[in-house]
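What follows is the residue order along each chain.
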Amino acid sequence: MNNFLAAFSMVFAPDVLIAMFASAIYGLIIGALPGLTATMATALLVPVTFYLSPIAAIATIIASSAMAIFSGDIPGCLMRIPGTPASAAYTDEAYRMTLKGQAETALGICLWFSALGGIVGTIALVLIAPALAEIALSFSTFEYFWLAILGLMCATLVARSSPVKALAAMLIGLLVSCIGIENPAGTPRFTFGLTDLLGGIDVIAALVGVFALAEVMRALTQKEPPEIPERKLGSILKGQIELTKKYPKQQIRGNIVGTLIGALPGAGADMAAWVSYSLSKRFSKEPEKFGTGHPEGLVEAGASNNAALAGGWIPALLFGIPGDTITAIAIGVLYMKGLNPGPTLFTEKASSMYALYLVFIIANIIMIPLGIMLIRVSKYVLKAPRSLIMPIIMVFCAVGAFGAAGNNLFAVLVVAAFGILGYVMEENGYPVAAMVLGIVMGTMVEQNFVTSLIKSDGSILPFLSRPIAAFLAFFTFLALFWPLIAWMKRYRAALSPA
Amino acid sequence: MKLSDRITGVVLALLGIAAFYGGSRLPPVPGQQVGPNVFPMVVGAGLLVVGLLIAFRIGRSFEDAAEAEIEKFGGPDHEAETYARKRRWYAFLPPALMVFYYLTSERIGFIPIATIMIAVLAFALGANRRLILPVAIVGAIVIQVMFVKLLRVPLPPGLVPMPW
Amino acid sequence: MDHLSRRQILAAGAAAGAVGLGLSPAEAQAWPSRPVTVVCPWGAGGGTDQTARIVASILERELKQPFSVVNRTGGSGVVGHSAIATAAPDGYTIGMITVEITMMHHQGLTELNPTSYTPLALMNEDPPGVTVNASSPYKTIKELADAIKAAPAGKFKASGTGQGGIWHLALVGWLQAMGLAPNHVAWVPSNGAAPAMQDLAAGGLDLCTCSIPEARAMIDAGKARALALMSDARNPQFKDVPTLNETLGIKYSVGAWRGIAAPKGLPADIQTKLVAALKAAYDSKEFKDFMASRGFGVKFADPAGFASFMADGDQKMASAMKAAGLSKKS
């Protein structure tokens, strides 16, 4: 109890509150700009944390990353330009809602369910962190291999178009992930002798290219659209409470899946959003509405996204193993501030841990009013003439990718190339989101496959004999053959009435 | 840039063959049963198969079904399609401007190049001509200040260093 | 805005340009007159990144200009190292170079080698360790070494970094010192120390050869056990961990080091200023406290010392990598 009171006084110190508030606004703005991500927001905060007290330092990272993950949904929703690979999973859905004049509702979902997800994830962190961490630690490369394959399978489930084309797009993404030297053998592949390609294709630059730049390209072939009619739906929050009542199962499933996947080092929020969105579609009573501006999938993916963010802190705090790129940076800050990760953090520094929990909860609560303010403001983007917004976005694409890639001018060329690729793919019915998934997961699939085989001396038996691996393998095959089964069903249905 | 499934399918199949061949030439690594060649070869073979499936229009029924459903929410617009066909080459202006930025920004500097990029694209999008130049200049300066001052991303000053 | 004429806007634009030109900072001004970029070839949050950031923050205070750390990652360090080497030698881009610069060119990954830079200062060196799972039957390094010697080649699996990385070489060197073949213990490449430690804890590996500070959280969590340090002396932060020399009588030590360097051709006056500031940073309490709290080793060398340190390391790496079959150069 004393620890708890001490935690309160630590968090409610003026410097911590000011740092949190300022970094929350900073995170919201960075996340909302196309091409700038939550990871970048966090990395840029590191020098600032030098001058802060330990709790304030961690609070800035927690607050800014939670805000940036949410606000990364804003350009995705309003202009079909997702801010992070995580939001790429449901960008189309949110954008279609905007086209129907429901931008506020769509953004409200992202905000409300993100905040709820964040709080549930924190509660999991408080109550069952050690148990979850044990599960995470029982994952060896065999389990990660199946997990990655399962993640890839989401590509065909999420896509609205032909699963064959989704598969093709995903394979292109996998091929892109081969580029560079970042493979288990440490051998340069498809680099054509260019040093810039040795590092591989930067995921953010590719994402900005296939979504943002391609959208700018499309704008040139379309007349200025008539202003989207606005449907006033009253308070943003009121609608959300109704949705919470309507989709309780989806929300809880999203929270659970998000926390679990987030707690697995190396999986993270990107994968959580994809898996949750496809689970939602798979178990929905009205899967045909997915992709047309239907809130159900958004609820689940949004709930999962931020739960994963909190879940990612579990292995980070207990074992110093990053759950995602954000916690990778946060671990550095923890060490720098003398809060060395490990179980002793929970016992010897218990008051600091309680303070961290409080920071998590507060960050997710202040996200709601701040987010509503940002939604109200950002809506005006839709009112501005497209012919002036698009050129500005294009410049953001260039400098955002440049900054995200560590000030590498080569990233600008990557954006241009992927802009063309994304544009041509989209025009011909190849879902670009599936390609992004391929780029994100490719390294994980190969790394875990190769290292597993080295460890098993070439035998594939451990891929199936370890209990969790077998369980994951079963689901993988189910997902793998699902499109085939569905296709046969449809084929038969099409034949029978004739 | 609408192409027939036959063309995109064949292009994918060729890409698959190239990846397979490129992968097969990678040297093995001692101590690894699965070398760096395997993954690109598997992906290449997959692309070949999928490309051929697409070329033979397998799985097309899904797309037709999806298109039909989308049409319920606003059908095809023939006028828009003609417009898109007429302007299809304009679509390649943004990537061209990115390459222009890559080639010139270091030497000339961020602000003039960004101004030119914004102005050219706004013009191509048919913006109000009185607004083009002010928006371009103000936009470039605001982005420059934001990145250089707030995010500490060093954008090239070039010929026109800013007083801040 | 509509009532502004085009001519007015053009005039305003021209005026803005003129003002900009007029106030352009004179090149003759004393360095540093604008922010300096510090390139870090490794990811944010890692040991190199943290060391770079603490050094940058002290340089910022010493030299009164922002020193911003930029993570130019990828290509197992090649991309970042080449970004430092190819930058303009004007003192506005420096970087943290790491042990990989003495290794990559032997693998044929790049032409860059230690002589491609203006060395400024060596800041740190960490020796490799030997870590096993907490439930491993091997309680001491001697037991582990005997088990490895008795086992058939390839039975034991080790990890810690990618194929041909510094910890891989450490393993090879240790095996050779025991008179075993370089591949007697199979190397499982990983994306760095953290995933390797995770796999060690998950029971997927027999040992890890990453440095002890990198393994620390898992050791503290009771999931892993450090058996030995491959260095001349014990680490005061982990004083219970013996060295290989004390236990097995093997005098083998390599280390991962980090230092600050600039592109080749840096003007001498800038170099003098930077080295003085780096020395001050190294001697500062903040730097020492930070490195001690992380368990990182500190080691300083001035430009001449750093250059000969790297040349010496390059020689050692050349023979070690050749022996391990990792060198592309015959």
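Since this is a predicted model, take the numbers as computed values, not measurements.

Here the focus is the overall build of chain A. Secondary structure assignment for chain A yields 26 helices and zero strands. Computed over the C-alpha atoms, the radius of gyration of chain A is 22 Å, within 12% of the 23 Å expected from 2.2 N^0.38 for a compact globule of 498 residues. Oriented by its inertia axes, the alpha-carbon framework of chain A measures out at about 75 × 60 × 50 Å. With 498 residues in all, chain A has 66% of them scored as buried. Long-range contacts, defined here as pairs at least 24 residues apart, represent 78% of the contacts in chain A between residues at least 6 apart. Accessible surface for chain A amounts to roughly 16300 Å². Of this, 72% is attributable to carbon and sulfur atoms. Positive and negative side-chain charges in chain A, numbering 30 and 26 respectively, have mean positions lying 10 Å apart.

Looking now at the overall build of chain B. The number of helices and strands found in chain B is seven helices and zero strands. Ordered by position in the sequence, the α and β elements of chain B form the string α-α-α-α-α-α-α. Across chain B, every contact between residues at least 6 apart in sequence was considered, and the portion connecting residues at least 24 apart equals 59%. Roughly 8700 Å² of accessible area belongs to chain B as shown, and the carbon and sulfur atoms make up 68% of that amount.

On to helix H5 (residues 93-108) of chain B. Of all the bends in H5 of chain B, the largest measures some 35° and sits at Tyr-102 of chain B. When H5 of chain B is considered as a whole, its buried residues turn out to be Pro-94, Pro-95, Leu-97, Met-98, Tyr-101, Thr-104 and Ser-105 of chain B. Buried residues along H5 of chain B sit in contact with helix H12 (203-220), helix H22 (386-404) and helix H23 (410-427) of chain A together with helix H6 (110-124) of chain B. Just downstream of H5 of chain B, Gly-109 of chain B is the residue with a positive phi angle, here 110°.

Take the nonpolar core next. One finds Trp-174 and Leu-207 of chain C to be the most contacted residues of the largest nonpolar core, which totals 322 residues. A per-element tally of this core places helix H8 (residues 103-137) of chain A first, with 16 residues.

Residue and element names in this part refer to chain A. Packing of helix H4 (residues 54-71) against helix H20 (residues 350-378) brings their axes to within 9 Å, and their N-to-C directions diverge by 35°. Like other packed secondary-structure pairs, H4 and H20 cross with a definite hand, here right-handed. Along its contact with H4, which presents Ile-55, Ile-58, Ala-59, Ile-62, Ala-63, Ala-66, Met-67, Phe-70 and Ser-71, the element H20 presents Ser-352, Ala-355, Leu-356, Val-359, Phe-360, Ala-363, Ile-366, Met-367, Gly-371, Leu-374 and Ile-375.

This paragraph deals with the packing of aromatic side chains. Residues and elements named next belong to chain A. In total, this model carries 25 aromatic pairs over all chains according to the counting rule given. Plain terms: the ring middles of Phe-4 and Phe-8 are 5.5 Å apart, the flat faces sit at 70° to each other, and that makes the pair edge-to-face. Here Phe-8 and Phe-4 lie together in helix H1 (residues 2-11), a separation of four residues that amounts to about one turn. Taking relative accessible area as the criterion, Phe-4 reaches 31% and is therefore assigned partly exposed.

Next up on the list: the interface of chain C and chain A. Facing 41 residues of chain C, the contacting portion of chain A comprises 46 residues. Buried surface at the junction of chain C and chain A, summed over both partners, amounts to about 3500 Å²; 60% is from carbon and sulfur atoms. Among the residues chain C hides against chain A, the three largest losses belong to Arg-53, Arg-72 and Gln-198 of chain C. Together they make up 15% of the total. In this structure, the connection of chain C to chain A is made through three salt bridges. Taken together, the connections running from chain C to chain A amount to seven residue pairs in polar contact (both at pLDDT 80 or more). Secondary-structure elements contributing two or more residues to the side of chain C that touches chain A are helix H2 (47-63), strand E2 (67-71), helix H3 (78-86), helix H6 (193-201), helix H7 (212-220) and helix H10 (285-294) of chain C. Counting residues per element, the side of chain C that touches chain A draws most heavily on H6 of chain C, at five residues. Partitioned by chemical class, the residues of the side of chain C that touches chain A number 18 nonpolar, 15 polar and eight charged.

Our focus in this paragraph is the side chain of Arg-218 of chain A. Secondary-structure assignment places Arg-218 of chain A in helix H12. Not counting residues within four places of it along the chain, the set of residues in contact with Arg-218 of chain A comprises Arg-80, Tyr-423, Glu-426 and Glu-427 of chain A.

It is common to give the size of an interface as the accessible area lost on bringing the parts into contact. Counting residues at the interface gives 81 residues for chain A, matched by 76 residues for chain B. In this assembly, chain A packs against chain B so that about 6600 Å² is buried in total across both faces, 79% of it on carbon and sulfur atoms. Going through the elements one at a time, helix H2 (14-32), helix H3 (38-49), helix H10 (163-178), H12, H22, H23, helix H24 (432-455) and helix H26 (467-495) of chain A are the ones with two or more residues in the side of chain A that touches chain B. Ranked by residue count, the leading element in the side of chain A that touches chain B is H22 of chain A, at 15 residues.

This part takes up the pattern of salt bridges. Residues and elements named next belong to chain A. Taken as a whole and judged by the stated rule, the model has 23 salt bridges over all chains. The closest approach of N and O atoms between Arg-80 and Glu-215, which form a salt bridge, is 3.5 Å. One end of the pair, Arg-80, is in the loop between helix H5 (73-79) and helix H6 (85-88); the other, Glu-215, is in helix H12, with 135 residues separating them in the sequence. The class of Arg-80 is buried, set by a relative accessible area of 7%.

Right, let's get into the pairing of strand E5 (residues 129-133) of chain C. All names here are of chain C. The element E5 is extensively covered by neighbouring structure, given that five of its five residues are classed as buried. Pairing geometry for E5 and strand E9 (residues 224-229), over five bridges, is antiparallel. Opposite Val-130, over in E9, you have Ala-228 as the bridge partner.

All names here are of chain A. Counted at 1.5 Å a residue, the expected span for H20 with its 29 residues is 42 Å, and the 40 Å between its end C-alpha atoms agrees. Along its length, H20 shows its largest kink, about 30°, at Ile-368, and proline Pro-369 lies within four residues downstream of that point. Across the 29 residues that make up H20, a large majority, 21, are buried.

Attention now goes to unusual backbone geometry. A cis amide bond, omega -5°, links Trp-31 of chain C with the succeeding residue Pro-32 of chain C. Topologically, Pro-32 of chain C is positioned in the loop between helix H1 (6-22) and strand E1 (36-40). You will see that Arg-80 of chain A, though not glycine, has its phi angle at about 65°, which is positive. Of note, the phi angle at Asp-457 of chain A is positive, near 55°, even though the residue is not glycine. Along the chain, Asp-457 of chain A turns up in the loop between H24 and helix H25 (461-465).

Here we come to the sheet that holds E2 of chain C. All names here are of chain C. A sheet is described by the order of its strands in space; here six strands give the open sequence E2-E1-E3-E10-E4-E11, paired in mixed fashion. Sheet topology places E2 and strand E11 (298-301) at the edges, where each strand pairs with a single neighbour. Mean inter-strand twist for the sheet, computed between neighbouring axes without regard to direction, equals 25°. Along the sheet face, H2 touches E1, E2, strand E3 (93-98), strand E4 (117-126) and strand E10 (256-263) and points at about 160° away from the line of E2. Each of E2, E3, E4, E10 and E11 is contacted by helix H9 (residues 268-283), which is oriented at about 10° to E4, the strand it contacts most.

With that settled, the discussion passes to the environment of Ile-361 of chain A. Residue and element names in this part refer to chain A. You can see Ile-361 is positioned in helix H20. For Ile-361, a relative accessible area of 27% corresponds to the partly exposed category. C-alpha separation for the pair Ile-361 and Met-444, spaced 83 residues apart in sequence, amounts to 32 Å. Residues contacting Ile-361, with those up to four places away along its chain left out, are Ile-119 and Thr-122.

In this section: a nonpolar patch on the surface. A surface patch of nonpolar side chains, about 540 Å² in accessible area, is lined by Phe-477, Leu-480, Phe-481, Leu-484, Ile-485 and Met-488 of chain A. Mapped onto the fold, Met-488 of chain A is located in helix H26.

Here the focus is the packing of H6 of chain C against H7 of chain C. Residue and element names in this part refer to chain C. The geometry of H6 relative to H7 is characterised by a closest axis approach of 10 Å and an angle of 35° between their N-to-C directions. Crossing of H6 over H7 shows right-handed handedness. Each of Ala-193, Met-197, Gln-198 and Ala-201 in H6 lies in contact with H7, whose residues at this interface are Glu-214, Ala-215 and Met-218. When the residues that make up the contact of H6 with H7 are grouped by side-chain class, the tally is five nonpolar, one polar and one charged.

Moving on to the side chain of Asn-133 of chain C. Residues and elements named next belong to chain C. Structurally, Asn-133 is set in strand E5. The class for Asn-133 is buried, based on a relative accessible area of 13%. Here Ser-135 takes part through its backbone nitrogen, which lies 2.9 Å from a polar atom of the side chain of Asn-133. Within the structure, the side chain of Asn-133 is placed 2.8 Å from the backbone oxygen of Leu-200, a separation counted as a polar contact.

Another point: the confidence of the model for chain B. Averaged over every residue, the pLDDT of chain B is 85; residues scoring 70 or more account for 85%. Mean pLDDT across the secondary structure elements of chain B bottoms out at helix H3 (residues 60-72) of chain B, with 63, and peaks at H6 of chain B, with 95.

Predicted confidence across chain A gives a mean pLDDT of 85, with 97% of residues reaching 70 or more. When mean pLDDT is compared element by element in chain A, H23 of chain A scores highest at 94, while helix H19 (residues 343-347) of chain A scores lowest at 77.

Cut-offs applied
- Residues numbered from 1 in each chain as written.
- Chains lettered and ligands numbered in written order.
- Predicted model: local features only at pLDDT ≥ 70, side-chain atom pairs only at ≥ 80, totals over all residues.
- Heavy atoms only, no water.
- Helix = DSSP H or I, 4+ residues; strand = E, 2+ residues; numbered from the N terminus.
- Rg over C-alpha atoms; globule rule 2.2 N^0.38 Å.
- Buried < 20%, exposed > 50% of the residue type's maximum accessible area, 1.4 Å probe, protein only.
- Contact = heavy atoms within 4.5 Å.
- Areas by Shrake-Rupley, 256 points an atom, 1.4 Å probe, with all protein chains shown as cover.
- Lys, Arg positive; Asp, Glu negative; His and termini not counted.
- Charge placed at Lys NZ, Arg CZ, Asp CG, Glu CD.
- Bend = angle between axes of the 7 residues up to and from the residue.
- Core = buried A, V, L, I, M, F, W, Y, C linked by side-chain atoms within 4.5 Å.
- Axes fitted to C-alpha atoms, helices over the stretch in contact; angles between N-to-C directions.
- Left-handed = near helix turned anticlockwise from the far one by under 90°.
- Phe/Tyr/Trp six-rings, centres within 6.5 Å; stacked < 30°, edge-to-face > 60°.
- Buried area = accessible area lost by both parts, 1.4 Å probe.
- Salt bridge = Lys/Arg side-chain N within 4 Å of Asp/Glu carboxyl O.
- Polar contact = N/O pair within 3.5 Å; in protein donor to acceptor, adjacent residues only side chain to side chain.
- Nonpolar A, V, L, I, M, F, W, Y, C, P; charged D, E, K, R; others polar.
- Pairing = 2+ DSSP bridges.
- Expected span 1.5 Å × (residues − 1).
- Patch = residues over 30% accessible without salt bridge, like charges linked within 9 Å, V, L, I, M, F, W, Y side chains within 5 Å.
- pLDDT = per-residue confidence, 0-100.

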